[in-house]
Amino acid sequence: MQRDTDILAPLGATNPSQQPSLSCCVPTCRSRSAAALLPEPSRHEAGAAFHLLPPRPSRSFPMRKKAARVVPEWLNSPLWSAPPQAPASPDPYGADLSPPPPPKPQPPPTPTPTVPPPSYEQAVGSSRRARGEAGWEGDGEDEDEDSGGAALRAHLLSDFKLALSKKVINMGELRRLACLGVPEGGAGVRPLVWKLLLGYLPIERAFWPHELQKKWSQYSAYIDEFLLNPSEKIRRFEETKLLRKKELNSDKIGLLPRSEVTNEEHPLSVGKSSLWNQYFQESEILEQIDRDVKRTHPEMSFFSTKTNQESLRRILIIFSKLNPSIRYVQGMNEVLAPLFYVFMNDPDPSNSASVEADTFFCFIELLSGFKNNYCKHLDDSQVGIRSTLSKLSQLLKRHDEELWRHMEITTKVYPQYYAFRWITLLLTMEFSFNVFIHIWDAILGDPEGPPETLLRICCAMLIIVRRRLLAGDFTANIQLLQHYPPTNIDHLLHIANRLRGSVAI
Amino acid sequence: MVLVLALGDLHVPHRAADLPAKFKSMLVPGKIQHIICTGNLCIKEVHDYLKSLCPDLHITRGEYDEDARYPETKTLTIGQFKLGLCHGHQVVPWGDLDSLAMLQRQLDVDILVTGHTHQFKAYKHEGGVVINPGSATGAYSSITYDVNPSFILMDIDGLRVVVYVYELIDGEVKVDKIDFKKTATMHA
């Protein structure tokens, strides 16, 4: 363990005033860093004279260097504390943030459209600098933040509207904006943004009516096909075939005529092809769906209305019938709920009739990336949930080996104890409704795709509370991770962004 | 879509040991919503077995039933239909359709289910429909030894009823169905 405490010591020659906030962590490192910094020669290729170099101006991931075990400098900064420890140091964030990797920071607070994707940090960073305050936990700057924030939000909203009003939507631009998050007051913007990001609507605006019409009629066909119970189906079948020659309403008195039952189509049949048999076999899944729909977000009155629950139920039933390999898995209702909520609250009246159909197809799109996580047979395979969890573990190991070692080896807190729910429910249970909708903006908007982005965000969630995790044992860590503390979302997304580029293993 | 099982005249253990195996394999819990039984079970074990198929069980008293607490007649409403239940030994002549029609008018029901003759019958008259599910075990009746095991399953869906008739003929289960609709003039 001695070796591990070494790597906590900052790499560059930083002033000791930055270190006190780390004091609660590993006390032994203080004594070491107070002495002259003599790093092990194997750790850094620059050798023994390392500590004489000035602080490096460029922010480069240690991944690019050979010494991959080193904790990156930006990770070491005290701002990665979970709230609310107000840092004693002056503006560590500002110092750390200058200058972000690709282009130079731009003086005006608004991002220009020509800047390439990882401009999120730049935009936020520049806006923070424009407001000129210190640190994230700015308790004293509420008014300043608010006015600055409001201006930023209004500008962002107008950016969104501009991007959406074009005839041919520029997806790259839209993704970049989505990663910044749809601001409050953007209820009209978000449904459209999500539909575009999920690929439900084509890029050319002119094709929208046609596509929508097609999808809506397809959905009604699905309803007809899947939601009728067997007696209705048989009746429709007979009506189309005109099998009933006699008028049933006749006043004829006498013995009622008997007709033959074909193909074992009676309710007690056990034949595989019998409609009735299939119906009874699926009734278990239908009951499960029913129960889950009633339990979705009980704290929100939106989800307690009968009509909304009915819509959710229909969507889930049709989905389970269209996907016999995964059927319905508990938790899909939680993934469906935000989509439905956002689309239902679309102030645009032209979409209100088709909310269910839109939600259904977007749900399919969203789940397509995560399908393998739900399939029981794939659990242990290369693509199933276990491999996703191990990817998360590897990601953490790459970026923060010390934390990884503490979690996996020392305290044995494996990802399946906490991250299973994070991944399969797409973080809907970890944060409050408005918060995770904001996170979903980033997940859907990221060009890397939802699965990879989700893993990065999970890793970022771990890194944010690293101090508490490192100090805790098995029970404390599990408790913490299963009841994840509320945290600043911009902060979280920012870190997730920084982890970019090293997901694929 | 309500599934109602109607059966009766089992006469277990006096005249028959049990339901035919093929019938028993088809009758599983969870599919049927109501059971109506014309009577003559005769013992409590049969009652318990029927109760295990479906908790909503209605029975009327047959002349050999050992439980004296069953009522003579019963009426219940399922969906849009009123069903009447009676064993049928009280209606003399046994199985006579006019007398049964009188009983139906008396009970004021759309469908009257009776037994006792151990023969399946489904008859429509201006007052409604009379159905006899026959004997589910094929027990001999007071009139004849030649009895095929039979029972019926009604699928009540709005104003329409589809009656599936299950009969065991020569060791094979034969299923037929009967369709009828309720009209406004069915009973005054």
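An unreviewed UniProt entry annotates chain B as Vacuolar protein sorting-associated protein 29 originating from Zizania palustris. Chain B has a UniProt comment under Sequence similarities (unreviewed entry) that states "Belongs to the VPS29 family."

Under an unreviewed UniProt entry, the name given to chain A is Rab-GAP TBC domain-containing protein, and the source organism is Zizania palustris.

Looking only at helices and strands, chain A has 23 helices and two strands in total. Residue pairs at least 24 apart in sequence account for 68% of intrachain contacts in chain A once pairs closer than 6 positions are excluded. Summed over all atoms, the accessible surface of chain A reaches about 24,800 Å², with 56% contributed by carbon and sulfur.

Let's shift gears to the nonpolar core. If you look at the biggest cluster of nonpolar residues, it comprises 105 residues, and the most contacted ones within it are Leu174(A), Phe363(A) and Trp422(A). The element best represented in this core is helix α20 (residues 450-464) of chain A, accounting for ten residues. Excluding residues that lie within four positions of it along the chain, Phe363(A) makes contacts with Ile315(A), Leu316(A), Phe319(A), Met332(A), Val335(A), Leu336(A) and Leu339(A). In this structure, Ile234(A), Ile35(B), Val46(B) and Leu168(B) belong to the second largest nonpolar core, which totals 34 residues.

As a further point, take the packing of aromatic side chains. Tallied over the full model, the rule gives 25 aromatic pairs over all chains. For the ring pair Tyr414(A) and Tyr417(A), a centre distance of 6.2 Å and an interplane angle of 45° mean the geometry is tilted. Under the relative-accessibility criterion, Tyr417(A) is labelled partly exposed at 40%. With 5.2 Å between their ring centres and 45° between their planes, Tyr140(B) and Tyr145(B) make a pair best called tilted. With a relative accessible area of 34%, Tyr140(B) lands in the partly exposed category. Here a set of aromatic residues connected by ring pairs shows up, and it is made of Trp194(A), Phe302(A), Phe303(A), Phe340(A), Tyr341(A), Phe433(A), Phe436(A) and Trp440(A).

This part covers helix α12 (residues 306-322) of chain A. Between its first and last C-alpha, α12(A) extends 24 Å over 17 residues, near the 24 Å set by a 1.5 Å rise per residue. Looking at the buried residues of α12(A), the elements they touch are α9 (208-226), α11 (275-295), α13 (332-344) and α14 (355-368) of chain A.

So, about the packing of α20(A) against helix α23 (residues 489-498) of chain A. All names here are of chain A. Across the interface, α20 lies against α23 with an axial gap of 8 Å and an inter-helix angle of 115°. Helix-helix and strand crossings are classified by hand; for α20 and α23 the assignment is right-handed. Side by side, α20 and α23 meet where Arg456, Ile457, Ala460, Met461 and Ile464 of the first sit next to His491, Leu492, Leu493, Ile495, Ala496 and Asn497 of the second.

This part takes up a nonpolar patch on the surface. Together, Val92(B), Trp94(B) and Ile143(B) line one region of the surface with nonpolar side chains, adding up to about 340 Å² of accessible area. Mapped onto the fold, Ile143(B) is located in the loop between β8 (128-133) and β9 (150-157).

Moving on: unusual backbone geometry. Residues and elements named next belong to chain B. Here Leu41 and Cys42 are connected by a cis peptide whose omega angle stands at 5°. Residue position: Cys42 is located in the loop between β2 (34-37) and α2 (44-53). Even without glycine at this site, His11 takes up a positive phi of about 55°. Its location among the elements puts His11 in the loop between β1 (2-7) and α1 (21-26). In the Ramachandran plot, Asp170 falls in the positive-phi region, its phi being about 55° despite a non-glycine side chain.

What follows covers the environment of Glu310(A). Residues and elements named next belong to chain A. You can see Glu310 is positioned in helix α12. A relative accessible area of 33% places Glu310 in the partly exposed class. For the pair formed by Glu310 and Val293, sequence separation is 17 residues and the distance between their alpha carbons is 8.4 Å.

Spatially, the six strands line up as an open sheet ordered β1(A)-β7(B)-β8(B)-β6(B)-β5(B)-β4(B), and their pairing is mixed. Every interior strand has two partners, whereas the edge strands, β1 (254-255) of chain A together with β4 (73-78) of chain B, have only one. Across three bridges, the pairing between strand β5 (residues 81-86) of chain B and strand β6 (residues 111-113) of chain B is parallel. Pairing of Gly84(B) across the sheet is with Leu112(B), part of β6(B). Against the sheet, helix α3 (residues 97-107) of chain B makes contact with β4, β5, β6, β7 (120-125) and β8 of chain B, and its axis sits at roughly 120° relative to β6(B), the strand it touches most.

Our focus in this paragraph is helix α19 (residues 433-445) of chain A. Residue and element names in this part refer to chain A. Look at α19: 18 Å from first C-alpha to last across 13 residues, which is about the 18 Å you get at 1.5 Å a residue. Counted residue by residue, α19 has eleven buried out of 13 residues, so it is predominantly covered. All buried positions along α19 are accounted for by Phe433, Phe436, Ile437, His438, Ile439, Trp440, Asp441, Ala442, Ile443, Leu444 and Gly445. Packed against the buried residues of α19 are α7 (171-180), α8 (189-197), α13, α14, α20 and α23.

Moving on, we get to the interface of chain A and chain B. On the chain B side, the residues contacting the 31 residues of chain A number 33 residues. Summing both partners gives a buried area of about 2,900 Å² for chain A against chain B, and 58% of it is carried by carbon and sulfur. Run the count over chain A and chain B and you get two salt bridges. Between the two partners, chain A and chain B, sit six residue pairs in polar contact (both at pLDDT 80 or more). Of all the elements in the fold, those that place two or more residues in the side of chain A that touches chain B are α10 (230-241), β1, β2 (259-260) and α11 of chain A. For the side of chain A that touches chain B, the residue count by class is 13 nonpolar, nine polar and nine charged.

Residue and element names in this part refer to chain A. Looking at chain A as a whole, its pLDDT mean stands at 70, while 66% of the residues score no less than 70. Helix α4 (residues 92-97) is the least confidently modelled element of chain A, averaging 38 in pLDDT, while α12 averages 87, the highest of any element. Below a pLDDT of 50 lies the segment residues 1-51, which in the model reaches 54 contacts outside its immediate sequence neighbourhood of four places, other chains included.

Residues and elements named next belong to chain A. At a closest axis distance of 10 Å, the pairing of helix α16 (residues 385-399) and α20 adopts a crossing angle of 50°. Viewed along their axes, α16 and α20 adopt a mutual orientation that is oblique. Here the hand of the crossing between α16 and α20 comes out right-handed. Residues Thr388, Lys391, Leu392, Leu395, Leu396 and His399 of α16 lie in contact with α20, whose contacting residues are Leu455, Arg456, Cys458, Cys459, Leu462 and Ile463.

Conventions adopted
- Residues numbered from 1 in each chain as written.
- Chains lettered and ligands numbered in written order.
- Predicted model: local features only at pLDDT ≥ 70, side-chain atom pairs only at ≥ 80, totals over all residues.
- Heavy atoms only, no water.
- UniProt positions renumbered as here; feature names shortened; annotations may be inferred.
- Helix = DSSP H or I, 4+ residues; strand = E, 2+ residues; numbered from the N terminus.
- Contact = heavy atoms within 4.5 Å.
- Areas by Shrake-Rupley, 256 points an atom, 1.4 Å probe, with all protein chains shown as cover.
- Core = buried A, V, L, I, M, F, W, Y, C linked by side-chain atoms within 4.5 Å.
- Buried < 20%, exposed > 50% of the residue type's maximum accessible area, 1.4 Å probe, protein only.
- Phe/Tyr/Trp six-rings, centres within 6.5 Å; stacked < 30°, edge-to-face > 60°.
- Expected span 1.5 Å × (residues − 1).
- Axes fitted to C-alpha atoms, helices over the stretch in contact; angles between N-to-C directions.
- Left-handed = near helix turned anticlockwise from the far one by under 90°.
- Patch = residues over 30% accessible without salt bridge, like charges linked within 9 Å, V, L, I, M, F, W, Y side chains within 5 Å.
- Salt bridge = Lys/Arg side-chain N within 4 Å of Asp/Glu carboxyl O.
- Pairing = 2+ DSSP bridges.
- Buried area = accessible area lost by both parts, 1.4 Å probe.
- Polar contact = N/O pair within 3.5 Å; in protein donor to acceptor, adjacent residues only side chain to side chain.
- Nonpolar A, V, L, I, M, F, W, Y, C, P; charged D, E, K, R; others polar.
- pLDDT = per-residue confidence, 0-100.
- Parallel < 35°, antiparallel > 145°, perpendicular 65-115°, else oblique.

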